[in-house]
Structure formats: structure tokens, C-alpha cells
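In case you want the letters, here they are:
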Amino acid sequence: MATLQRRLWDHGSVRFGVAVLAFMVLVALLSPWLGTVDPAAMDANHINKAAGLAGEFALPDGQVVGHTFWLGTDNFGRDIYSRVLYGSRVSLVVGIATAVLALGLGGLCGMLAGYFRSVDMLLMRFMDGLMAIPAVLLAIALVAAMGANVATVVIAIAIPEVPRVTRLVRSLVLTLREEPYVEAARALATPTAVILWRHILPNAMAPLLVQGTFVAASAVLTEAILSFLGLGLPPDVPTWGNIMAEGRVQFSQQPGNVLFPALFLVPTVLAINLLGDGLRDVLDPKFAKRVG
Amino acid sequence: MRRGFLKTVVVGWVLAMLGATAGAQNTLPANKVFRFVPHANLAVLDPIWTTAYVTRNHAYMIYDTLFSEDAKGNIQPQMVQSFTTAKDGKTWTFKLRAGLEFHDGKPVTSEDVAASLKRWASRDAMGGILFGFIEKIDTPDANTFRFIMKEPCAIVLDALGKASSNVPFIMPARIAATPGTEQIKEHIGSGPFIFKADEFKPGSVAVYLRNPKYVSRKEAPSGLAGGRPVNFERVEWVIIRDPQTQFNALQAGEVDMVEQPSFEQYESLKKTAGVKVDDFSPAGYQFVMRFNHLHAPFNNVKVRQAAMLAVGQQAFINTQVGIPDLVRPCKSIYPCGSLLADESTSYFTGVANAAKARELLKEAGYDGTPIVMMRPTDLAAITKLPLVAKQQLEAAGFKVDLQQMDWASLVARRAKKEPPTQGGWNMFFTTWTAQDIGSPLTSAMLNAKGATGWFGWQDEPRIEDLKAKFARAHEGPEQKKIASAIQSLVFETAAFAPLGQYRNPTALRSNVNGMLQTAGVPVMWGLSKN
Amino acid sequence: MAAFLLRRLLAVLPVLWVVSVVVFLILRLAPGDPAAVIAGNNATSEDIAQIRSQLGLDRNLISQYGIWLGKVVQGDLGYSYYLGKPVLELITQRMEPSLSLALGTALLAVCVAVPLGTLAAWRMGGWLDRALSAFSVAGFSVPVFVIAYGLIYVFAIQLQWLPVQGYKPLFGAQAGSVWDWSRQLILPWLTLGTIYIALIARMTRASVSEALSEDYIRTARAKGIAERAVLLRHALANAAVPIVTVIGIGVALLIGGVVVTETVYAIPGLGSLTVDAVLNRDFPVIQGLVLFSPSAMCSSICWWM
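Calculation criteria
- Residues numbered from 1 in each chain as written.
- Chains lettered and ligands numbered in written order.
- Predicted model: local features only at pLDDT ≥ 70, side-chain atom pairs only at ≥ 80, totals over all residues.
- Heavy atoms only, no water.
- Helix = DSSP H or I, 4+ residues; strand = E, 2+ residues; numbered from the N terminus.
- Buried < 20%, exposed > 50% of the residue type's maximum accessible area, 1.4 Å probe, protein only.
- Contact = heavy atoms within 4.5 Å.
- Pairing = 2+ DSSP bridges.
- Axes fitted to C-alpha atoms, helices over the stretch in contact; angles between N-to-C directions.
- Buried area = accessible area lost by both parts, 1.4 Å probe.
- Salt bridge = Lys/Arg side-chain N within 4 Å of Asp/Glu carboxyl O.
- Nonpolar A, V, L, I, M, F, W, Y, C, P; charged D, E, K, R; others polar.
- Phe/Tyr/Trp six-rings, centres within 6.5 Å; stacked < 30°, edge-to-face > 60°.
- Lys NZ or Arg CZ within 6 Å of the ring centre and 35° of its normal.
- Disulfide = S-S within 2.5 Å.
- Polar contact = N/O pair within 3.5 Å; in protein donor to acceptor, adjacent residues only side chain to side chain.
- pLDDT = per-residue confidence, 0-100.
- Core = buried A, V, L, I, M, F, W, Y, C linked by side-chain atoms within 4.5 Å.
- Parallel < 35°, antiparallel > 145°, perpendicular 65-115°, else oblique.
- Left-handed = near helix turned anticlockwise from the far one by under 90°.

S.K.: I tried to follow the overall build of chain A on my own but got confused; where do I start?
M.R.: Across its full length, chain A holds 11 helices and 2 strands. Beginning at the N terminus, the succession of helices and strands in chain A can be written as α-α-β-β-α-α-α-α-α-α-α-α-α. Taken along its principal axes, the extent of the C-alpha atoms in chain A is 75 × 45 × 35 Å. Of all 292 residues assigned to chain A, the portion counted as buried reaches 58%. Taking the intrachain contacts of chain A between residues at least 6 apart in sequence as the baseline, contacts between residues at least 24 apart amount to 68%.

Below, the structure written as C-alpha cells:
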């Protein structure tokens, strides 16, 4: 184990990824104390102000506080700096939750499909069907039916990812079940659940984890696209994606609205991707290369 | 092997680019082609079937009307040459101008007029009111038609010259025979432009050609009335959904006019080279907050009045529009600057008074039932209003349950009469053009017929009575008095709250001249490019 | 061969049928009413009810589905509620822009990414390898619309080399030259291509580097075969299968990017038709699209492979 950790830490991508993510998590946790105000508070007197301005900000409950708008204000009169910092919370949660959900569901389906021939046919056809439904339709239907909140958005982004994860795990399991130790376990009449849990799953973990990082990265980006289409989280829940999507209307006039959240979003997604790359290179290079 | 294939593809492409100039592209001079970006996708082409503004604007291109509103708000004859009213006011005789022809070459006859008006009246509220007065329409000859009225009616010209949806456009009788509840399949009118149906790509582009046979009136154009001089051979309506792309396309000269640039771009537009800002609709628009009168807590008039006291117009228009010279608070339910605007609005000041609202809420016995407020996430024009309202209402002691949904879900939910907790609603927001709410007979919000009325279902027979009186009153002081009385009732019953007035200027290339100030309709006649 | 293809095609049909049922149910049960959208702001609840009845939405679910399915089997996809035009016509009108965008992007990506990835794998650890890794990860990390706006700002507004938006058809009555057609598509191809190139280059590098470490490569080199031939004929050929698989899967991946690209560049493709139809609850169009959608076709292809 010690050598694994050392190998991980030696890898440049892993170091970079972990460092950036740690920074973002810190920012997310400490946002209330980093000179921010309520990210949803709108003050109609401070619409589209430039970065660096200081002024009196009227909060919704009536109090007026002196505040510096480090990154300016948006077209609602909200402080961009506060929104970007608080946005890290939701963006990170969306990324991680989507990855966990997609991996969980996809992993389960993939293992079942790979191990049980009878289930395979049905499950894979079902996954094909799932891929045929336009993701946009699914997103709108979910958001319309369950309201636009973090849980809905996570589900809406995770579901289209499940077929791919299933495919990955299935092909892994198909190979793994031919391994000698699995054959041996079967010969010993070990219960299937135990085989899956103790033999198959640990060997599938590494590529699964790697895939998970890519799912997380793409989830953060997809959330931005959903906001672009007007389907994402409501604007009073700031995320990097929806700050950028809202601010794009005045891209030429006030690029800050898009560039400042991008300054946080791009490194984070980059870090997650690089972390995935590094994990893959270290944990299981041969497997990972074979299945992508 | 792969390399060979690639090479072939690339070489082929280069050759095709260098060699080919296939296809008959239009070789019209640049100043004879006009490209316009409408504010919404042109999907429906039937201006009677829908009230959508973009369809109305399309219809103004290819159809003509009997009367039109000029820049001063007066109704002038358009297709009509002359008209007379009998002494008892019960017969109106109209003569059509000579030489009016449809795009298929057939002349415009009184039969076509009668059929078109019938179809229009089957869908339009004001048309319905007009036809309520009409005993019958007869067509003594091809150029003449007559209204035989049951009683004298003051709104005949106002109705026939109605500028905004639904407009009584004149179509061939065979097309107008389509029931008002079905969409027409052909788009043939007698207007200054001809619709090129074969080049129409929904969601992408709509093409119009100049109608060389159009007989324009001799007067100078004024508003929607007068002559309609066309200076372009070809007009293309280019559908661009993304506001940033609209701006970029205008800047690059790929389009000549953007109907409704977003407010955030206003300052930039004024400073961009080659682009200028103008306004075809100085009267503008009004935001409105509507209550659901059927269910708690807004079934209690005092609670509604408390909400009206809690709202402050300045915050709404500043947040949603944000540009000081485009907005103005306006307490009246009629657009400020219009004929019927009225300063007497009893307790409603348009300035937030949270303290007074709280008192009234207590008096009303408000028990904390949350208000289900609907917010459209995908409609940029009004999406910020509910957020401001939430803040202001909560400051006054209301509990607000903000439901965010896309427009399609909102309009579906808006039609439901169930209680808010079972799929209904308490409050929504919308915007109207000045034309739509300028008269009690055209304003949908004054439909107080209860269960069959407009969303919100206010049941106030007194308003309906006053509207009927308005239709019979003489223009001028008599109508104004009735309009004021209606306004007082609106505030007394807290039917809805006006949230402020604003203009939405349009953006043009600097070389485009001659834009007319109309009743909120972007028209392509009168314009020219140099 | 033909029988084999036919069998495969028929095998896809049940999947499509199930999908059509699922989509049908989602549409009817999710909030949102096409009649209300069509009715407009001035309408009353009665107007909406009348339109619902006209559209056949007041019948029970089974008969609604039955009527639709019956027509589909005869090749009639129905009429758009909103646009009043036949669904099939709307879809075919938008095929050309969508295919132009998708195929052009795929071609661009393959032509750029495969050589780059192969070279990077060949000289693993070299500067090309590092640069490629950096670029490809970056391509994955920036939202599509930011790439789009950036490209437009630089190439269309500042340099004015390329148009901002629009699509010029290659076939049909209003067709222009190939130059016009491709000029409009260069920025969209680059926008979508960035993601694709990143994905394919990574995959190529991984596949080829694994192929290069195989024994047969050592044998080929020992036999004295030129390095280029080793790369192309042995390594790449053997690495081709996973690369092609990824290209296929990548098509589905890009659905979100396609919609954004079509919106920003005002290209009238199937992506924006889908979004508009879903936002307007235009049921016949959505149901028709699901049968024809790239994802349906691609998932069939993927399954087949």
C-alpha cells in the first residue's frame, strides 16, 4: 500500500489534480468567511458594476452593509465574487454526486450484465434504449416533474452516463470472470454475491474510479450547458455553470461575468481530468488502456 | 491506404471550393436585401389562430387592413376609400379602394372582407364585441360592404383599425373560410410583400419579396397608416436565438436589424461602430403581477391589496430592464402617455410600503399560507420579476413558495383552477405591449367573467358592465370617464398590479433609414439602406 | 450479408418501440401542456381545452399512442402541433445541416487527432506527447459555449475572416457553392471538434502505445521494416478497433455540445429542433425525432458493433 501511495504522489498529474481540488474544496467550505455576502441577494442599485468597486449593499432583510465587489456585480445586482465562491459548493457537489450515482448504478448494472448471461441481453438492450432518449428531453422532463434543484440536476446528468459506465464494467467483468481465481471460487461453490464482491469488484475498482473522474468532470460541464439552455439550477443557487450561462448575454460588454467563474471552473475540471489520467496511469495501466 | 483516402477528400474539397459556384444565388444589390432578426421564432403563420406578436408582425408584411392607426393614435382608412354612417348610426357603408389585388392576381372583393372579418371576430375579443352589435354584413357590390347594426356603436373604427393581436387582416374568402380554430394552409394576402412559401424554413428563415402590384396610398406613411413605400426587393427574417450571436451578427453586418436586443447590450450597442439604436414603439410595454382570485390567500381582497402595497415598481424595472432612460414607473393600469392613462389610483402608489402592507395583512387575518409564485426560467423578458417580488413580499410578511419551471410548464399550470397545493398557483407575472392594454376592450386582464375569464378568474360583473358601457360611449371625455371608473374598480378589487413601464429599443445598422414609429409593430416598409 | 444486416436491423426495432413508449409516457405525464403554449397569453382555460381536444390530447393514453403508432407504421409521423408542418418534412429539412456539422467535425477530428495521437504514442514522453496531453485535457475542460464565443470573438469580430452565424445549404433550391457552405461551418467544426479531437487523440495515443509495446512490433522492427510502415500498417491498424469504438460512442457524448453549437451559430439542425420541440412540448416532433435521432442510430450501431 505504501508504495501505491508513493507511486500516486510521484505522478505529476495526480499532484496537480489533488492540489487544485483541495484548494477548491477549501474555498467551498470557507466561503462564508472570505468576505462574501448572500449570493442570492439582489440590490437594484448595483447592477453591472465593474470589478473592484466598493459600496453600500442593501440586503433583503433590510440591513445595509459596506461591501467591496471584488469581481463586480451581475445584471441582477448580485455580487459575482460571492456567487463564484458559493458556486464552488454546488458545482463540486454536482460533480461528485453525479459520479457517485452514475458509478453506482452503472457499476451494478455492468456487473450483473457481465456476470449473468440471461440478464445481459435484456440489460444491454435497455441501456441502448436509454441512450436513444434525447438527454435534453430527459433533463426537461425531470426538472419539470421534480423541480429544479440539485438532486434533479444530478439525476438528469447521471442517467445518460449510466449506459457508458455499464458498458465499461460489463466488458471488464466479462474478462474477469474467465480469470483462474474466479473459476476456482466457482468450483468451490462460493456464493455468487461473494464472488462479485470479493473477486470481481476490487479488480474493477481502478478503471471504475478513473471513469468516475471523467464523469465528474463532464458533469460539471454538462451542468453549465443545462444552464445555458435555461434548464439548470435556478439562479438563486449559484453554480459556476449557471453564472457563466447567465453572464453570456453580455460577453462582449462585460466578459468578467463569464471569465471569472471560468477561472474556477476550467482548472477544477482540468484537475479532475488530470487526476483521472494519473490514477489510470498508476493504478492499472494495462486494463485502462484496453477499455478506454 | 488511409492516407490516400484522406488526400482524396482534402483535394476534392479544395477543388470544389475553387471551381464550383453552383446554385442560383440571388444577385441583388446589397441595399435591396434586408435581413431582420425577429424577437422570437416564427412558427405559426396564422394571425387569427394565434395572438403571438411575431405572427402578427409576419401578417403585417403580407396582408393589408381596412383601417390603420397613425402615429398620433388616430384611425385612418387603409384599404377603405371612403365610408359613411347613416344618421341613426345603424348603417355603416364602406367603399374599398380601386386596384386592390391579392398575390394570386385575384381582386380584393367585399366577399373577402366579410369572410375575413367573420373569422377574425370568431377569435378576437374586441371583434366579438363588434359583431355583437352587428345584425348583418352585406355586400351590395364587389367594392362595397355594409354593416347593419342593432344599435349605434362607437367602436367600429377602433375595432377595424385594431393594431395589435388579433388584427383584422383581409384574406381571400376561400382561405378565410377555414374555421378560426384551425390554422390556414395558404398565406396569400394583398399586402406590400409576398410570402415565399417555398423558401420558408421554420426555425431558420422566412423570405418575403416586394409585391410589385401593391397599390400604396398616396399619403406619407404615419404609424401604420398612410402609404407603404417598399425599398427592398427581398426581405429575409433570420431566426437567431442566442442574444450574443444576434449582437455579433449585427456588428458584422450579417443582419440589418435586430428587433429586440437584450437590455444588457444596450450600452454597447450605442457605442458600436456601424450600429445604432432606435425605437419603433415609444409607448413601450408594462409588466404586470396577477393574482389567482379563486384560492387562499388571494381570494381575500385585503390580502391582495396588501400585496399591492408591498410592491415597489422601481426595483422591478431596474432589475428586469436596468437602463434608466428606458424605464418609468407608471401607476395607471393604462400605459402612461396614452389617451386613457389616469393618475388617480387610490391607495396604490407603486412605491413599496412594507409597513402598511404588514398592517393590512394582519387586519386581513393572513395565516401564513405560502403563496405559490410561478417563475419561468427560460423566458428572459420576465424571468427576474418573481425574484424581486419574492424579496418585497417577504419583507411585508408574506410567505412565498417560489416555483421555478420552464414556460411550457408554467402556462400549463396557469390554466389549472385547482388549489395551489394540488397543482394550481397563486401568482404569476407577464408583460404586455401598450397597445394591448391601452383600451379596456382589448386588455385581457380586464376579462372579469369569473370562471370563463382570463387566468386569475376574477369575477367582477361591475367591470364587465363598465366595459359594455365603454363600447357604447362616445369617444373623448365620455370614454375616459368610464375608463377611469374601470381603473378605480381594478384597484378597489386589486385585480392585478402594474409593475412599471419600459421601452425596448431596436438595433439597426447605421445605414438603415426611415424607421417608422408604429403601434409596436416593426414594419419593413418605409425603410431603406444606403 | 444482406440477411445478416436485415436481422440486425430487425433486432433494433424492439428497442426503438420500447423507447417510443417510454418517451410517449414521459411527455404525457410530465408537466407542460402544448395546448397552453399554443394558446398564448390572451387565452382562457376554455380556449386551451378546445385546442387540447383538437389535438386529440383529451383521449385516453392508449388510444393516443395507438393512433400515433398506426400512422407511423404507414410512414406518417404526423404534424407538428406548433408548426403545422409534417414532422417528416421538418426532420429531413434539418438533416443536411446536422450531417454537415457532425460529419465535418468527425472528419476534422479524425484527421487531426489520429495522426497526433499516433505520433505522441510513438514519441512517448516527448514534447509532442506532453503538449498533446495538455491540449486534450484542456479541450475536455472548457464549456462548449465558451469555446464558441471565444472563436467568434477572435475570428469573426476582430479578424473578420469568417461569418458569425448561419448556414448555407449545399443541396436544394437555395444551394450555394461549396465554398459558401464550408465557410459557414469552419468555426462550428472547430468548436465541436475541440472536444472530439481531445477525446480521440487520447484514445489513439493509449491504443497505439499499447499496440507498440506488443511483440509483433518488436518482430517487425527486427525484420528491418521502416518505422513509418511499422506505425501505420501494424500499430495503427491493430489499434483501430478501439479507436473506432470510441468514435462511435463519442457521437452520443456530443449531443449536448451539438445543441449549444447549433444555438450559438444559428445552424438549423436536429439539435435545436429537439430543444425547441421539448421546450414547446411539441409531442409529434419529439416522438418522431426519437425514432430518427442520432442517438437511436448510434446506439444501434454501437450495439451492433
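S.K.: What should I look at first to understand the sheet that holds strand β9 (residues 205-210) of chain B in this one?
M.R.: Hydrogen bonds along the backbone pair up the strands of a sheet, which may run parallel or antiparallel. Residues and elements named next belong to chain B. Read from one edge to the other, the open sheet built from 7 strands follows the order β8-β9-β10-β1-β11-β19-β12, with strand pairing classed as mixed. In this open sheet, the two edge strands, each paired with only one partner strand, are β8 (193-195) and β12 (275-278). Pairing of strand β1 (residues 33-37) with strand β11 (residues 257-258), which is carried by 2 bridges, proceeds in the parallel orientation. Within the sheet, the bridge partner assigned to Val37 lies in β11 and is Val258. Relative to strand β19 (residues 506-509), helix α7 (residues 243-251) is tilted by about 30°, and along the sheet it contacts β1, β11, β12 and β19.

S.K.: When you look at the interface of chain B and chain C in this model, what are you seeing that I'm missing?
M.R.: Many authors give the size of an interface as the accessible area that is lost as the parts come together. Each partner contributes to the interface: chain B provides 63 residues, whereas chain C provides 53 residues. Interface of chain B and chain C: buried area, both sides summed, is about 4600 Å²; carbon and sulfur atoms make up 55% of it. Between the two partners, chain B and chain C, sit 3 salt bridges. A salt bridge links Asp406 of chain B to Arg281 of chain C; the nearest nitrogen and oxygen atoms lie 2.8 Å apart. Among the secondary structure elements, those contributing two or more residues to the side of chain B that touches chain C are α1 (2-19), α7, α13 (407-414) and β17 (427-433) of chain B. A total of 7 residues in the side of chain B that touches chain C trace back to one element, the largest contributor, which is α1 of chain B. A breakdown of the residues in the side of chain B that touches chain C according to their chemical character gives 30 nonpolar, 20 polar and 13 charged.

S.K.: Would you take a moment to explain the pattern of salt bridges for this structure?
M.R.: Once their charged atoms are close, side chains differing in charge can pair, the charge on each being opposite to the other. Residues and elements named next belong to chain A. A full pass over the atoms with the stated rule returns 36 salt bridges over all chains. Note that Arg170 and Asp120 form a salt bridge whose closest N and O atoms lie 2.8 Å from each other. Here Arg170 is found in helix α6 (residues 150-176), whereas its partner Asp120 is found in helix α4 (residues 117-132), with 50 residues between them in sequence. The exposure class assigned to Asp120 is buried, which follows from its relative accessible area of 11%.

S.K.: How do you make sense of the pairing of strand β10 (residues 234-238) of chain B when you look at a structure like this?
M.R.: A regular strand carries its side chains on alternate faces of the sheet. Residues and elements named next belong to chain B. The buried fraction of β10 is high, at 5 of 5 residues. Across 4 bridges, the pairing between β1 and β10 is parallel. Within β10, the position partnered with Phe36 by the bridge is Trp237. Relative to β10, β9 is paired through 5 bridges, and the arrangement is antiparallel. Each residue of the ladder has a partner; that of Ala206, found in β10, is Trp237.

S.K.: Can you walk me through the packing of aromatic side chains in this structure?
M.R.: For any pair of aromatic rings, the description consists of the separation of the ring centres together with the inter-plane angle of the planes. One pass over the structure, following the stated rule, counts 36 aromatic pairs over all chains. Ring centres of Phe287 of chain B and Tyr502 of chain B lie 4.2 Å apart, and the angle between their planes is 15°; this geometry places the pair in the stacked category. Note that Phe287 of chain B is positioned in strand β13 (residues 285-291) and Tyr502 of chain B in strand β18 (residues 496-502), a separation of 215 residues in sequence. With relative accessibility at 6%, the residue Tyr502 of chain B sits in the buried group. An aromatic cluster of at least three residues, connected via ring pairs, comprises Phe67, Phe83, Trp92, Phe94, Phe145 and Phe147 of chain B. Cation over ring: Arg177 of chain A sits above Tyr115 of chain A, and NZ or CZ is 5.3 Å from the ring centre.

S.K.: Looking at this model, I keep getting lost on the state of the cysteines. Mind explaining?
M.R.: As used here, a disulfide is simply a covalent bond connecting the sulfur atoms of two cysteines. Residues and elements named next belong to chain B. Summed over the entire model, instances satisfying the criterion amount to 1 disulfide over all chains. In this model, Cys330 is linked to Cys336 through a disulfide, with the two sulfur atoms separated by 1.9 Å. Across the S-S bond of Cys330 and Cys336 the torsion is about 95°, and the bridge reads as right-handed. Overall, the relative accessible area of 11% leaves Cys336 in the buried class.

S.K.: Looking at this structure, how should I read helix α12 (residues 270-279) of chain C?
M.R.: Spacing of three or four residues puts side chains on the same side of an α-helix, whose turn is 3.6 residues. Burial runs high along α12 of chain C: 10 of the 10 residues are buried. Among all positions of α12 of chain C, only Leu270, Gly271, Ser272, Leu273, Thr274, Val275, Asp276, Ala277, Val278 and Leu279 of chain C are buried.

S.K.: I'm lost on the interface of chain A and chain C in this one. Help?
M.R.: Across the contact, 40 residues belong to chain A and 46 residues belong to chain C. Of the roughly 3800 Å² buried at the junction of chain A and chain C (both faces included), carbon and sulfur atoms supply 77%. The interface formed by chain A and chain C contains 0 salt bridges. Summed over the shared surface of chain A and chain C, the number is 1 residue pair in polar contact (both at pLDDT 80 or more). Looking at the side of chain A that touches chain C, the elements that each hand over two or more residues are α4, α5 (135-146), α6, α8 (192-228), α9 (240-247), α10 (256-283) and α11 (285-291) of chain A.

S.K.: Which parts of the structure should I look at to understand the sheet that holds strand β5 (residues 91-96) of chain B?
M.R.: Residues and elements named next belong to chain B. Overall, antiparallel pairing links the 4 strands, which are arranged β4-β5-β7-β6 in an open sheet. Looking at strand neighbours, the two that pair on one side only are β4 (80-85) and β6 (134-141), the edges of this open sheet. Ignoring which end each strand starts from, the neighbouring axes of this sheet average 20° apart. Bridge count for β4 against β5 is 5 bridges, and the pairing is antiparallel. Bridged to Phe83 within β5 is Phe94. Sheet strands in contact with helix α4 (residues 125-133) are β6 and β7 (144-149), and its direction is about 85° off that of β6.

S.K.: Just to check I follow, could you spell out the environment of Leu340 of chain B for this structure?
M.R.: Residues and elements named next belong to chain B. Looking at the element boundaries, Leu340 is found in the loop between β14 (327-328) and α11 (354-364). A relative accessible area of 10% places Leu340 in the buried class. Expressed as a C-alpha distance, the spacing of Leu340 and Val388, which sit 48 residues apart in the sequence, is 28 Å. Contacts of Leu340, omitting those with residues within four sequence positions, involve Tyr334, Gly438, Ser439, Pro440, Phe470, Lys480 and Ala483.

S.K.: What is the right way to look at the confidence of the model for chain C in this model?
M.R.: For residues with low pLDDT, the predicted coordinates do not support detailed interpretation. Residues and elements named next belong to chain C. Confidence in the prediction for chain C averages 79 pLDDT; 86% of positions are at 70 or higher. In this model, residues 299-305 is a region of pLDDT below 50 whose contacts with residues beyond four sequence positions or in other chains number 17 contacts. With a pTM of 0.85, the predicted complex shows an ipTM of 0.81.

S.K.: In this structure, what is going on with the nonpolar core? I would like to understand it.
M.R.: It is characteristic of soluble globular proteins that their nonpolar side chains tend to be buried jointly. If you look at the biggest cluster of nonpolar residues, it comprises 305 residues, and the most contacted ones within it are Leu66, Phe147, Tyr208, Trp237 and Phe398 of chain B. Take this core: its biggest share by element is 17 residues, from α8 of chain A. Apart from residues no more than four positions distant in its own chain, Tyr208 of chain B is found in contact with Leu42, His58, Met61, Ile62, Phe193, Ile194, Phe195, Glu233, Arg234, Val235 and Trp237 of chain B. Ranked by size, the runner-up nonpolar core spans 9 residues in total, among them Ala109, Ala113, Leu132 and Ile200 of chain C.

S.K.: Looking at this structure, I do not really get the packing of α4 of chain A against α6 of chain A. What am I missing?
M.R.: In helix packing, the relevant descriptors are the interaxial angle and the interaxial distance, both defined with respect to the helix axes. Residue and element names in this part refer to chain A. At a closest axis distance of 9 Å, the pairing of α4 and α6 adopts a crossing angle of 150°. With respect to their mutual orientation, α4 and α6 come out roughly antiparallel. The crossing of α4 and α6 is left-handed. Only Ile159, Val162, Pro163, Thr166, Arg167, Arg170 and Leu174 of α6 make contact with α4, whose side of the interface consists of Arg117, Asp120, Met124, Met127, Asp128, Leu130 and Met131. The class makeup of the residues in the contact of α4 with α6 is 8 nonpolar, 1 polar and 5 charged.

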